[in-house]
Amino acid sequence: MKTRIKALLLSGVLVCASGLGLVGCGKDDVPSNAFEVQIYAGGYGTKMWEYVLEEFQNDHPDIEVIPYMDNTVNTQMAQRWRSGNPPDFVFLDGGGLDKDNWLKSGLLYDFSDWLKTAKVNGSDELITDVVDSEMFNYYTDSKGNTITYGMPLLKSSYGMWYDENWFTENELSVPENYTDLMSFKNAIDESGAKTNGGNTPAVLCYPGQYSGYLVQGFILPALAAYNDSEFFNKIVLASDPKVFEDERFVDVMQRFMDFVEGGTVMSGTLSLDHTTSQLRWLRHDAALIPNGLWLRGELERDVKGDSAQSGDVTAFSKLKMRYSPSPLVKDDQTPTMVVTTVSCAIPKNGDKTDLALEFMTYLYRSDVTERFAVYSDTPSAVNNLDLSQSQLEVSDVLAYTQSVLSDPDYLQVNKDGSWGAVDGEFNAIVNEIVDGNKQKLTALQFCQRLKEKAQEQL
């Protein structure tokens with residue numbers, strides 16, 4: 001069967017006569033018994049899909065499973081969606097995905113009723129028993145109607161990363177709240193820790209060219225820590241301009257400004273991209289870096305790239321990466337992680353809806369969820385997945401982040417939405433603050449700029 005799946009992976013690209021094959025390909029160009037799957041391969045690869053596709057194919061020998069798996073599959077399949085000939089299943093990941101228009105046009109299936117009785121394949125357990133309701137993706141249209149359109153597979157979260165070995169060596173404790181954070185610079189000074197150049201390490205660095213990493217991993221969790229879903233959703237959707245003048249929002253921005261004014265951010269951060277910021281952190285020029293759960297994989301590529309130094313491979317081999325919630329939260333608040341889900345969907349009114357729904361039940365089997373987590377090196381969206389007994393090769397970072405994202409002592413807040421026009425303005429503001437706030441604006445004035453941007457959007 002393994003040979004057949006490899007052939008199918010190839011046929012997913014070559015099934016039509018044209019070069020890359022997918023743009024002009026419609027339902028009339030494939031066998032009537034075909035079950036078509038659209039999977040972006042650029043982020044998490046294809047290995048995590050191959051097992052479940054093979055399992056499904058084995059159980060359905062009368063169906064020809066055709067996976068379209070490619071780094072540009074979303075762009076290639078766009079015309080089929082526009083023409084009303086989408087595939088039978090889609091992985092909601094990667095560039096070129098037109099999800100917002102699909103939702104506005106009512107093109108995605110609503111799982112709400114199905115989930116009331118849907119069971120994990122081969123089990124009496126409901127899918128809703130193994131996945132928290134907050135993890136599903138919901139959409140509310142202009143008439144106020146809400147659908148469940150996204151079935152969660154993996155968890156993604158931005159947070160603060162540190163090297164546990166380096167912290168232990170320098171007798172440093174990870175800051176957990178704002179009081180810890182504000183004293184952390186002095187703790188580094190007193191530890192005697194030095195960079196390779198003989199300087200004292202900064203508290204944090206980030207890719208200044210992409211300052212959204214700082215917003216997502218450092219500032220946003222502090223806003224989520226108020227545990228007010230209405231307040232939080234208004235922010236992440238930029239749906240109510242007044243929310244940016246809310247005293248809680250202003251307070252978080254004031255905390256951020258006070259922290260930065262202490263000279264805590266590494267010099268030169270604003271010019272850094274992903275690779276250079278990660279390598280500077282690897283060399284311990286800064287103690288903390290905000291990033292997503294994919295940091296280990298990117299670092300592994302970084303140490304082999306042109307920007308790497310001779311000692312980076314050795315430093316990477318000694319690294320004990322650990323993920324921690326943002327310490328920008330107030331002392332009396334619960335450490336908070338903002339979590340998004342990597343999800344999948346099926347088109348509405350497809351001719352193989354029943355088959356697509358059955359395939360969906362396979363994705364929540366324990367053998368499948370384990371492989372998805374391990375092969376993607378990303379925590380599962382399924383509750384309480386225990387990787388400690390896995391026969392697969394589980395990375396130390398995955399085992400740790402899976403445990404953190406399953407820890408009931410942390411508040412998890414799900415984010416399902418985009419900033420809209422406010423995104424770029426927020427990113428610009430944090431860089432201006434890090435750059436010294438040369439206009440000498442107050443926290444409230446910065447927040448009013450966000451309010452104005454939100455008003456423009458509406």
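Not measured: the values here are computed from a predicted model.

**Student:** Mind showing me how you'd approach the packing of aromatic side chains here?
**Tutor:** By convention here, two paired aromatic rings are described through the distance between centres and the angle between planes. Using the criterion set out here, one finds 24 aromatic pairs in the structure. Considering the side-chain rings of Y158 and W294, the 5.4 Å spacing of their centres and the 85° angle between planes classify their relative orientation as edge-to-face. Here W294 lies in the loop between β8 (286-291) and α12 (295-302) and Y158 lies in the loop between β5 (146-157) and β6 (159-163), a separation of 136 residues in the sequence. Residue Y158 is classed as partly exposed on the basis of its relative accessible area, which comes to 24%. Geometrically, the ring pair formed by F218 and F256 is edge-to-face, given 6.2 Å between the ring centres and 70° between the ring planes. Of this pair, F218 sits in helix α8 (residues 212-224) while F256 sits in helix α10 (residues 247-260), and the two are 38 residues apart along the sequence. Just as F218 is buried, F256 falls in that class too. Counting every residue linked through ring pairs, the aromatic cluster contains F35, Y44, W49, F56, F89, F91, F359, Y362 and F372. Positioned over the ring face of Y400 is R322, at 4.2 Å from the centre of the ring.

**Student:** Which parts of the structure should I look at to understand the layout of surface pockets?
**Tutor:** Left-over empty space is what a probe sized like a water molecule reveals as it rolls over the atoms. Its volume calculated, the second largest pocket comes out at about 330 Å³. Surrounding the second largest pocket, 18 residues form its lining, N196, L282, R283, H284 and A315 being those nearest its centre. When residues of the lining of the second largest pocket are traced back to their parent elements, those giving at least two are α6 (164-169) and α13 (312-318). Residue composition of the lining of the second largest pocket, grouped by class: five nonpolar, seven polar and six charged.

**Student:** Teacher, can you tell me more about the pairing of β5 here?
**Tutor:** In summary, the side chains of a regular strand alternate between the two faces of the sheet. Burial analysis of β5 places 10 of its 12 residues in the buried class, the great majority of the element. Bridge count between strand β4 (residues 137-140) and β5: four bridges; the pairing is antiparallel. Of the residues in β5, the one forming a bridge with N137 is G150. In this structure, the hairpin formed by β4 and β5 is closed by a connection of five residues, where G144 is found at a positive phi of approximately 90°.

**Student:** Quick question: what am I supposed to make of the packing of helix α2 (residues 47-59) against helix α15 (residues 366-376) here?
**Tutor:** Angle between the axes and distance between the axes: these two values describe a pair of packed helices. At a closest axis distance of 8 Å, the pairing of α2 and α15 adopts a crossing angle of 160°. On the basis of the axis angle, α2 is roughly antiparallel to α15. α15 is crossed by α2, and the crossing has right-handed handedness. Together, K47, M48, W49, Y51 and V52 of α2 and D367, V368, R371, F372, Y375 and S376 of α15 make up the contact between the two elements. Counted by class, the contact of α2 with α15 contains seven nonpolar, one polar and three charged residues.

**Student:** Quick question: what am I supposed to make of empty space enclosed by the protein here?
**Tutor:** Summed over the entire model, instances satisfying the criterion amount to one cavity of 30 Å³ or more. Of the pockets and cavities examined, the largest cavity occupies roughly 40 Å³. Considering the residues around the largest cavity, the lining is formed by D88, I346, P347, G350, K352, T353 and A356. Across the lining of the largest cavity, the residue classes break down as three nonpolar, two polar and two charged.

**Student:** Before we go on, may I ask you to explain the environment of D285 in this structure?
**Tutor:** You can see D285 is positioned in the loop between α11 (274-282) and β8. With a relative accessible area of 15%, D285 lands in the buried category. Measuring from C-alpha to C-alpha, the distance between D285 and T401 comes to 24 Å, with 116 residues separating the pair along the chain. Not counting the four nearest positions on each side in its chain, D285 is found in contact with T195, P201, A202, M266 and R280. Within the structure, D285 has its side chain in polar contact with the side chain of R280 (distance 2.6 Å).

The rules behind these values
- Each residue is numbered by its place in its chain's sequence as written, counting from 1.
- Given that this is a predicted model, residues contribute local features only at a pLDDT of at least 70 and side-chain atom pairs are listed and counted only at 80 or more, while totals for whole chains, interfaces and linings are drawn from all residues.
- Computation of side-chain values covers all heavy atoms of the structure but excludes hydrogens and water.
- Ring pairs shown here join Phe, Tyr and Trp side chains whose ring centres sit within 6.5 Å, with only the six-membered ring taken for Trp; geometry is labelled stacked below 30 degrees between planes, edge-to-face above 60, and tilted in between.
- A helix here means a DSSP run of H or I that spans at least four residues, while a strand means a run of E at least two residues long, and both kinds are numbered starting from the N terminus.
- Burial classification: accessible surface area is computed with a 1.4 Å probe over protein chains only, and a residue below 20% of its type maximum counts as buried, one above 50% as exposed, and the rest as partly exposed.
- The criterion for a charge sitting over a ring is simple: Lys NZ or Arg CZ within 6 Å of the ring centre, and within 35 degrees of the ring normal.
- Throughout, the protein atoms alone are placed on a 1 Å grid, and a set of points is a cavity if a 1.4 Å probe fits but cannot get out or a pocket if it is open with protein on both sides within 12 Å along at least five of seven lines; lining residues have an atom within 4 Å of a point.
- Grid points are joined across faces, edges and corners, and a volume is the space filled by probe spheres set on the points.
- Polar here means any residue outside two lists: the nonpolar Ala, Val, Leu, Ile, Met, Phe, Trp, Tyr, Cys and Pro, and the charged Asp, Glu, Lys and Arg; Gly therefore counts as polar.
- In short, DSSP must find at least two bridges between two strands for them to pair.
- Helix axes are fitted to C-alpha atoms over the stretch in contact, other axes to C-alpha atoms as well, and angles between N-to-C directions run from 0 to 180 degrees.
- When describing relative orientation, an angle under 35 degrees is termed roughly parallel and one over 145 degrees roughly antiparallel, while 65 to 115 degrees is termed roughly perpendicular and anything else oblique.
- Left-handed describes a crossing whose near helix is turned anticlockwise from the far helix by less than a right angle; the clockwise case is right-handed.
- Contacts: residue pairs with any heavy atoms within 4.5 Å of one another.
- Under the rule applied, a polar contact is a pair of N or O atoms within 3.5 Å (in protein, one hydrogen donor and one hydrogen acceptor; residues adjacent in sequence only if both atoms are side-chain atoms).

Shape descriptors only; they carry no functional weight alone.
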